[in-house]
Every structure is written in C-alpha cells, then in structure tokens.
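# Tertiary structure, described
As a plain string of letters, each chain reads:
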Amino acid sequence: MRNMGNIRINRIRVIFISSAILLLLLSVLSYWRISALHKTSEMVNHTTQVKLDLENIYTSVSEADSGHRGFILTKDSVYIDRFDRTLAKLDVQMDSLSAHIHDNYSQRANVVKLREIVDRRIDYMHYLLKQSETKKIEIPQWLEARKIMGELRAHVSHMSTEEDMLSKLRRRSLDEEMLITPLFTVFLTVAALLVLIASYFMVNRELNTSNLLRDDLEESQSQLTERNATLEQRNKSLDKMNKELESFTYISSHDLQEPLRKMQTFISRILDKDQETLSDTGKNYLKRTQDAASRLQNLIQDLLAYSRVNKEIFPSKNEDLYLLVNEVRDELVDEINAKDAKIEVKGNKEIKIISSQFRQLLLNLVSNAIKFTPADVKPHIVIENQMVPESEIPGGHQTQKSFSKITVADNGIGFDPAYKERIFEVFQRLHTREEYSGTGIGLAIVKKIVENHEGYVFADGTEGKGATFTIYIPS
Amino acid sequence: MPTFNAMPQKRNILLSDDDNDDCSLFLEALEEVKCDADVTIARDGVTLMQALDASADEKPEVIFLDLNMPRKNGFECLHEIRKSLVFGQIPIVIYTTSNSSDIIEKVYEEGANLYMTKPSSFSLLKKTLAYVLSLAPEELNRKPSRERFVVTVA
C-alpha cells in the first residue's frame, strides 16, 4: 500500500515537473520570437538611418563645395569658415555611417569606396584653394571637380538603392514577424492552457484512483475487523467447548473410578474372606479380574492426568533442571535400584518451565527409558540441556529466538522410526502388555506438556539401539 | 501399626456417604479392626446437618465426609460445619473417591483435618481406617501440615 502511494506521489510530481518545463520552454520560445521581431523592426529603422546618413554626407560635401567655391571667387573668410565647419561635420557623419552599416558586408565595401571619393573631392578642394592663392582656376579644373562630384552622386545613389532593396527585404520579414508573433503567442497561450488542463485531468485521475484505493482499503479493513470479530466469537465458543470437554473427561473419568473401585474392593473381599471355599480356577479367574480392574484403574488415572495437564493454572518460571532430575530420581528410586539404572545430567542448569508439569514429563520419559531396557542391560539415561536459536529446530520458524534444547537419550530397546510420530498419540502402544506394561498415555502427556510450553518434541530411535527424545522449550 | 484392642470406650462416629456399598464396607472394616463404634450414617448433606443439630449434647468425635453427595455436597457441609459455633471444632476426615490435587487443596483450605481416598482393596481400607482412628483426639483435631493431610497407608 505504502509503495503504491509512493508511485502515485511520484507520478503527480512528474506531471508537475513536465508541465513546469513545458511552460518554461514556451516562455523562452516566446521571448525568442519577440526579440526576433524587435530585431527586425530595428533593422528596418536602421535602413532609414543609413539612407539619412548618405543624404547628409552628400549634402555636406555639396556645402563644402559651394563654400570653397565662394571663397575662391570672393576671398571672403566667411566662406572658408563654413568650409571648415562642414568638413568637421562630414567626419562625424562618415563615422556614423560606418557604424550603421557595420553589419553589412557589401555596404562596408561601398563605404570604403565612398570615403575614397569623398576624400578625393575634399583633397581636390584643398588643392584648388591653394592654387587660387597664386593663380586663377582654369575651366578644366572646375570640370574635374564636377566630375568627382558626379561620381559621388552616383555612388551615394547606388548605396541608397542597395539600402532600399535591403529595406524592402527587411520590411517584408518584419511584416512576416508582425504576423507570426501574435499567432505564435496565441499558440503558446493555447499550448500552456492545454498543458494546464492535461495536468489537471491527470492529477484528478490520480486523486480518483487513490481515493478508490483508500475506499477499497477502508472496506477491506472493515471486512477484516468483521472477520476478526467472527473469529474471536468462534474462538470463544471453541474455548468454551474445550473447557466443557475437559470437565466432561474429568467428571466421567472420576465417576468411572467409583464403580471400578468398588468392584476391586469386593473382589479383594472375596479373595480374603472366602479363601478356603473358593476353587483354584475360581481364585484364578478372580485374580485375573482383579488385574484387569487395576489396569482399567491405571488407564482412568492416566487419562485423568492427561486431561488435567492444563497450562492456564501455572506460569513458566526459571527452574534448575538438575534439581528436577534429582526429584525424578527420588520418585523412581525403586525402579532405579531394581535395574541399577544410571541417570546423567549435562549442560545448562537453568530452564524456563512449568515445574510441576516438566517434572511429570521427565518422570514419564525416564520411567519409560528404564522400563524399555532389556533385563540384562543396565539402563543409562543422559539428559542434556543446551541453548539453540529457533532456526535450528526442524519445522521451527526462522528466528533467532533462543530455545532450550533438552535431550533425553537411553540405551534401551529403541523403536522402529516409522512410529516416531504415532508414538505420541493417546493409547498408542508398540508392545503387547505381556512384554511391557503401560497404558500408552505417558508420551501423550509428554507431548501435551511440551505444547503447553509452546515447544516442540521429537522422538528418534532405532530398534535395539536406544531412543532419544528431543524437546525444545522457548527460554 | 496400632489396633483398637486397647480402646477403652465406644467411639462415636458420624459417616456421611450416599453410597450404600461404601457405607456397609466402612462398617465391615470397622468391625474387622475390632473398633467398637457407634456409627451414625447420613445419606446426604442435608441429613448430615440435621443429624449434627440433633446431636447437640452428644457430639460425634469425628466426621467422615464424602464430597459427592445429593442435595448438599461435602464442600457445602464442610463450610457450614466450620462456621458453626456449636460443632465447628469436630474433626473432619474427607472420605472420597477423588484424588485430584485441586480438590485436596480446596478442602485443606476449608479446614478439613485429614483427606482419605477410598482405597480399592478392603485390606487397605481396614489399614487406613485403623490408622485414622488410632490418632489421639488432640492429634486429629490439630490443623495438619499440608504434607501430612492426605492419609497414605502402605
């Protein structure tokens, strides 16, 4: 869910960033368009300026011409002053023109030529002025001056024409620009609007999807809550049924004991009281009835013990395994002495258990081990306690939670590994009563106790080579 | 193993048990251990309380109390007797089939003096009864330790 939300947020971010980039691009384009228009219109103005410059230069040269001629004719210094002023003005005008046509290659060449003609004309004027001090100016000399003037006229008009053509071209492109730029601006605005609308719809869609998802989530959450409630209800009724079943087992086993006990008492009464009058077969039958009754009593008592193994009553506490084993030794002292059994404890002392139940578990395992050892073999039982992570347990979760691993190994008759699961079932026996006595409940109780500890129990064995019970209890 | 041969006077015993067989076995066992006793039998809790009320001047020296009885069960009787100012001090021996530790714990807390499971052989019954009745009155009357509360006779 979180991941999907991130994807959604990223998508909205991408939409906004691309819209921003698009709008930025559009404004750059529009700036570029407008500056192009501005440049074109400047170029048009520029043409006018060049033409004006050319006109001014020609006028100045004409003025200088008339000035120097006036001086030569009248020798009046007013004329020579005007001539000098005009020349100064002409310099400025030439510079202005050079600056204005700087970007135009062909006009630049034209200006060089123009400057050459103007210089020639001015030089000739100076020459004539000098000559007029000593002698009269001849007609051919005036004609020469006029010729240069004509040349200048022609060149100026040539440049002007060129500039006109240029101007025409520029004006046309200006017209185009004038037409295109507003269109372009409109187009840009429309495009920006489209981008805006598109991003609105995309964001809207994303929001809708995320709303839908949220609704889905809420719905599934409420479904989950509902299901949880049902489960809880079912758990409660199961719990109740379990309790009822437990008390049913308990009461029925308890009530079963009463008539049985009476039967046993009366049989013992007959065997005592009528010892003499009873026939041998009669006595034998009564003895066998007594055996069967006591077996039934054992069964009922073991069943009762099984149904009583209930975890709610006692909490787990840290206990000393060695002490528990000693208690088991004390309890089994007769069996141990009878077969000269040896019980060893190794490893950690500390273990977290429900002590009364775990004592029962050890008692069952150890007494089994002693019972299932051939008469000519001294039972040797090794109990070991180690810490292991849960991941080491077969079928356990892959966590590092630590468990106490308790193994109870014996050198008894072992069992066929095919029975390693069934061995823990209630009433499951692997031998006839004639071979080994027992009710088949001992290991079922072991398993129930291990389950009460939320642990695991495994049985391993080979026939004739002993059995090992491995128990894992969370620590 | 003490016997009752030397018992000087007649014992006054109140037995409360709804089971016919158990009552007759109880009486037979008493007879066989040669205990000369005056046994009053109450077949349910209500009758037991009535019998106690009636015996104000000649209180029984010990009550054998079954737990599973009709009308009023042994727990209720135990509770009522222990509350009573008149006969609250009479020693009570629980006499029942059950050997469940919760029940033993409960009646110990309620103030029973001894706990005796009905044995499954007659000879064991005789032995157990003989042991209980051999206890001196003040010994029977004392609040026992938890370990010695349940009578076990090998």
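The rules we used
- Residues numbered from 1 in each chain as written.
- Chains lettered and ligands numbered in written order.
- Predicted model: local features only at pLDDT ≥ 70, side-chain atom pairs only at ≥ 80, totals over all residues.
- Heavy atoms only, no water.
- Pairing = 2+ DSSP bridges.
- Helix = DSSP H or I, 4+ residues; strand = E, 2+ residues; numbered from the N terminus.
- Axes fitted to C-alpha atoms, helices over the stretch in contact; angles between N-to-C directions.
- Contact = heavy atoms within 4.5 Å.
- Buried area = accessible area lost by both parts, 1.4 Å probe.
- Salt bridge = Lys/Arg side-chain N within 4 Å of Asp/Glu carboxyl O.
- Buried < 20%, exposed > 50% of the residue type's maximum accessible area, 1.4 Å probe, protein only.
- UniProt positions renumbered as here; feature names shortened; annotations may be inferred.
- Core = buried A, V, L, I, M, F, W, Y, C linked by side-chain atoms within 4.5 Å.
- Phe/Tyr/Trp six-rings, centres within 6.5 Å; stacked < 30°, edge-to-face > 60°.
- Patch = residues over 30% accessible without salt bridge, like charges linked within 9 Å, V, L, I, M, F, W, Y side chains within 5 Å.
- Areas by Shrake-Rupley, 256 points an atom, 1.4 Å probe, with all protein chains shown as cover.
- Parallel < 35°, antiparallel > 145°, perpendicular 65-115°, else oblique.
- Left-handed = near helix turned anticlockwise from the far one by under 90°.

In the annotation of an unreviewed UniProt entry, the entry for chain B reads Response regulator, and the organism field reads Flavobacterium agri.

On to the sheet that holds strand S7 (residues 467-474) of chain A. Residue and element names in this part refer to chain A. Strand order in this open sheet of five strands is S2-S4-S5-S7-S6, and the pairing throughout is mixed. In this open sheet, the two strands that pair with only one neighbour each are strand S2 (342-347) and strand S6 (456-461). Averaged over all adjacent pairs, the angle separating strand axes in this sheet is 15°, with direction ignored. By the bridge criterion, seven bridges tie strand S5 (residues 402-409) to S7 in an arrangement that is antiparallel. Across the sheet, the residue bridging to Val408 is Phe469, located in S7. Running at roughly 135° to strand S4 (residues 380-389), helix H8 (residues 355-371) makes contact with S2, S4, S5 and S7 of the sheet. In the packing of helix H9 (residues 442-452) onto the sheet, contacts are made with S6 and S7, and the angle to S6 comes to roughly 145°.

To continue, consider the interface of chain B and chain A. At the junction of the two partners, chain B supplies 18 residues and chain A supplies 17 residues. With both sides pooled, the region where chain B packs onto chain A buries about 1,600 Å², and carbon together with sulfur makes up 45% of that total. Considering only the side of chain B, the residues that lose the most area to chain A are Thr97, Ser120 and Phe122 of chain B, jointly responsible for 32% of the buried surface there. Scanning the region where chain B abuts chain A turns up five salt bridges.

With that out of the way, let us pick up unusual backbone geometry. Phi angles above zero are rare outside glycine, and Lys75 of chain A is one such case at about 60°. Residue Lys75 of chain A is classed as partly exposed on the basis of its relative accessible area, which comes to 43%. Located in the positive-phi region is Arg71 of chain B, a residue other than glycine, with phi close to 70°. Checked against the element boundaries, Arg71 of chain B lands in the loop between strand S3 (62-65) and helix H3 (74-83). Take Arg71 of chain B: its relative accessible area is 62%, and that puts it in the exposed class.

Before going further, it helps to spend a moment on the UniProt feature "modified residue: 4-aspartylphosphate" (unreviewed entry) in chain B. Residues and elements named next belong to chain B. Following the UniProt record, the feature "modified residue: 4-aspartylphosphate" (unreviewed entry) maps to Asp66 here. Here Asp66 shows up in the loop between S3 and H3. Owing to a relative accessible area of 3%, Asp66 belongs among the buried residues under this scheme. Ignoring any residue separated from it by four or fewer positions in sequence, one finds Asp66 in contact with Ser16, Asp17, Asp18, Gly74, Tyr95, Thr96 and Lys118.

Turning our eyes to something else, we now look at the nonpolar core. Residues and elements named next belong to chain A. Phe358, Leu361, Leu362 and Ile383 are the most contacted members of the largest nonpolar core, which has 39 residues in total. In terms of residues, this core owes the most to one element, H8, which gives eight residues. In this structure, Ile383 is in contact with Leu321, Val325, Ile343, Glu344, Val345, Lys346, Leu362, Val366, Ile406, Thr407 and Val408, ignoring residues within four places of it in sequence. The next biggest cluster of nonpolar side chains, apart from the first, holds 31 residues, and it includes Val61, Phe83, Ile137 and Ile148.

This brings us to the pattern of salt bridges. Oppositely charged side chains are able to pair whenever their charged atoms sit close together. Within the structure shown, the criterion is met by 22 salt bridges over all chains. Between Asp44 of chain B and Arg71 of chain B there is a salt bridge; the shortest N-O distance is 3.5 Å. Taken together, the residues Asp44 of chain B in the loop between strand S2 (37-42) and helix H2 (45-54) and Arg71 of chain B in the loop between S3 and H3 connect sequence positions 27 residues apart. The network of salt bridges with common partners includes Arg261 of chain A together with Asp17, Asp22, Asp66 and Lys118 of chain B.

With that out of the way, let us pick up the pairing of S6 of chain A. All names here are of chain A. When S6 meets S7, the two strands line up antiparallel, connected through six bridges. Bridging from a neighbouring strand, Ala459 pairs with Phe469 of S7. In textbook terms, the turn of a hairpin is the stretch between consecutive antiparallel strands, and for S6 and S7 this stretch comprises five residues, one of which, Gly464, has a positive phi near 85°.

Residue and element names in this part refer to chain B. On inspection of all chains with the given rule, the structure shows ten aromatic pairs over all chains. Between Phe64 and Tyr95 the ring centres are 6.3 Å apart and the planes differ by 85°, which places this aromatic pair in the edge-to-face class. Of the two residues, Phe64 is situated in strand S3 and Tyr95 in strand S4 (residues 92-96); the sequence distance between them amounts to 31 residues. You can call Phe64 buried: its relative accessible area is 0%.

Our next topic: a nonpolar patch on the surface. Residues Val186, Val190, Leu193, Leu194, Leu196, Ile197, Tyr200 and Phe201 of chain A make up a contiguous nonpolar surface patch of roughly 810 Å² in combined accessible area. With respect to the element layout, Tyr200 of chain A can be found in helix H4 (residues 139-273).

With that settled, the discussion passes to the packing of helix H6 (residues 321-331) of chain A against H8 of chain A. Residue and element names in this part refer to chain A. Taken N-terminus to C-terminus, the directions of H6 and H8 make an angle of 55°; their axes are 10 Å apart at the nearest point. Put simply, H6 runs oblique to H8. Helix-helix and strand crossings are classified by hand; for H6 and H8 the assignment is right-handed. Mapping the contact onto sequence places Leu321, Leu324, Val325, Glu327, Val328 and Glu331 in H6 and Ser355, Phe358, Arg359, Leu362, Leu363 and Val366 in H8.

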